[in-house]
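So you can see what is in the structure, the chains are spelled out below.
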Amino acid sequence: MDLDETDLAIVRELQTDGRLTYETLAQRVGLSRPAARMRAQRLRESGAVRVVAITHPAVRRLTASAHLAIATEGAAGPVARAIAELSAAPFVTLTSGRRSIMTELRTAGFGELERTIEHIRTIPGVRAVDPLIATRHVKDPYLPAEEPTVAPQDDVDERILAELEEDGRLPFAELAARVGLSAGATRSRTLRLLDGGVAQVVALVRPEVLGMGYLCGFSLRVAGAAADTARRAAALPRVTFLSTCLGSAEVVGTITAESFAAVRTTLEEMRELPRVREVESWLHLELVKERYDMGPHPA
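Nothing here was measured: the structure is a model prediction, and the numbers come from that model. (Residues numbered from 1 in each chain as written. Predicted model: local features only at pLDDT ≥ 70, side-chain atom pairs only at ≥ 80, totals over all residues. Heavy atoms only, no water.)

Caption draft 1: Region of the structure containing helix α5 (residues 110-121). Look at α5: 17 Å from first C-alpha to last across 12 residues, which is about the 16 Å you get at 1.5 Å a residue. Those residues of α5 not exposed but buried are L113, T116, I117 and I120. Buried positions in α5, seen along its axis, are confined to an arc of 100 degrees and lie on one side of it. Seen from the open side of α5, the exposed residues pointing more than 90 degrees away from its buried face are E114 and R115. Contacts made by the buried residues of α5 are with β2 (64-72), α4 (77-84), β4 (101-107) and β5 (126-139). (Helix = DSSP H or I, 4+ residues; strand = E, 2+ residues; numbered from the N terminus. Expected span 1.5 Å × (residues − 1). Buried < 20%, exposed > 50% of the residue type's maximum accessible area, 1.4 Å probe, protein only. Arc of directions from axis to C-beta. Contact = heavy atoms within 4.5 Å.)

Caption draft 2: Structural detail: the environment of L204. Summarising the element assignment, L204 is placed in strand β6 (residues 199-205). Judged by its relative accessible area of 7%, L204 falls in the buried class. Apart from the residues lying within four places of it in its own chain, the contact partners of L204 are A48, V49, R50, V52, I54 and Y142.

Caption draft 3: Looking closely at the state of the cysteines. Under the criterion given, the structure shown has 0 disulfides. With no disulfide of its own, C245 lies closest to C216 among cysteine sulfurs, the gap being 15 Å. Since its relative accessible area comes to 6%, C245 is described here as buried. (Disulfide = S-S within 2.5 Å.)

Caption draft 4: Inspection of the packing of aromatic side chains at higher detail. Evaluated as defined, the whole model comprises 1 aromatic pair. Aromatic side chains Y214 and F260 sit 4.7 Å apart centroid to centroid with 70 degrees between the ring planes, which places their arrangement in the edge-to-face category. Of this pair, Y214 sits in strand β7 (residues 214-222) while F260 sits in helix α10 (residues 260-271), and the two are 46 residues apart along the sequence. Its relative accessible area of 31% is what places Y214 among the partly exposed residues. Its relative accessible area of 49% is what places F260 among the partly exposed residues. Note that R19 overlies the ring of F172, its terminal NZ or CZ placed 4.7 Å from the centroid. Taking the ring centre of Y22 as reference, the NZ or CZ of R169 above it sits at 4.5 Å. (Phe/Tyr/Trp six-rings, centres within 6.5 Å; stacked < 30°, edge-to-face > 60°. Lys NZ or Arg CZ within 6 Å of the ring centre and 35° of its normal.)

Caption draft 5: Focus on the packing of helix α7 (residues 172-179) against helix α8 (residues 183-195). Contact geometry of α7 with α8 gives a least axis separation of 8 Å together with a crossing angle of 100 degrees. Looking at the two axes, α7 sits roughly perpendicular to α8. Contacts from F172, A173, L175, A176 and V179 of α7 reach α8 at A183, T186, R187, T190 and L191. Looking at the contact of α7 with α8, its residues break down into 7 nonpolar, 2 polar and 1 charged. (Axes fitted to C-alpha atoms, helices over the stretch in contact; angles between N-to-C directions. Parallel < 35°, antiparallel > 145°, perpendicular 65-115°, else oblique. Nonpolar A, V, L, I, M, F, W, Y, C, P; charged D, E, K, R; others polar.)

Next comes the structure, spelled out in structure tokens:
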């Protein structure tokens, strides 16, 4: 769909706070409340934007994560779709470069991470798996950066989170009806969870919607300690995700850019960083799965 500057402004506001009231949203983008509401609903109904709550991985006990570069024998699409069926794989893409698939895994501990990687090795069509085990998420566009200061208290809190993970803009009255509380009690519980860092409500946006349809993954080999290089790389404006890791590289991340020229510029900026010995890159050709509402929910 074609977006004008007002649409793009609405998307950017929802990326920052997915539960902005329509009144506040209207004030920030210079529209009436009904017009802001209509545009926001159109964006969501088109599929260009999903507004969801993303629960902090620590709350779901997802304490281990890795990025896997996967080589295939034959077509990569069926293999990618098989990996996308795994609940532990929130992010799966078809890529260019030495490996045809990249996936991110998040699991409850390193034992489960190892078992999931071993399972992926057995999927028909998988020829090789090169894992990068994440040690620290330095920059992430969706997941809460700080550790939560509170925790879900009971099954009602868990139901609130589950509902918001499906629709982050559910009105408090409707959310209350679904979880069996008054609107006031539901609002109080929800704000406690959000303000305490248990979850945040954000807009998941296809990059091409924002004119940033060029996604490039990268890994960096670093001489010596990687922390300073990771910090410098994460500060580059088109770097949208970055983790330090163990394996064949010390840093892995994603560039989201408006053109191939902008991707090249960012890669060149990385090559000029102190201590960077090698930069490997690949293009994300097709986003097969991106869904971070992970973890167990009560029955």
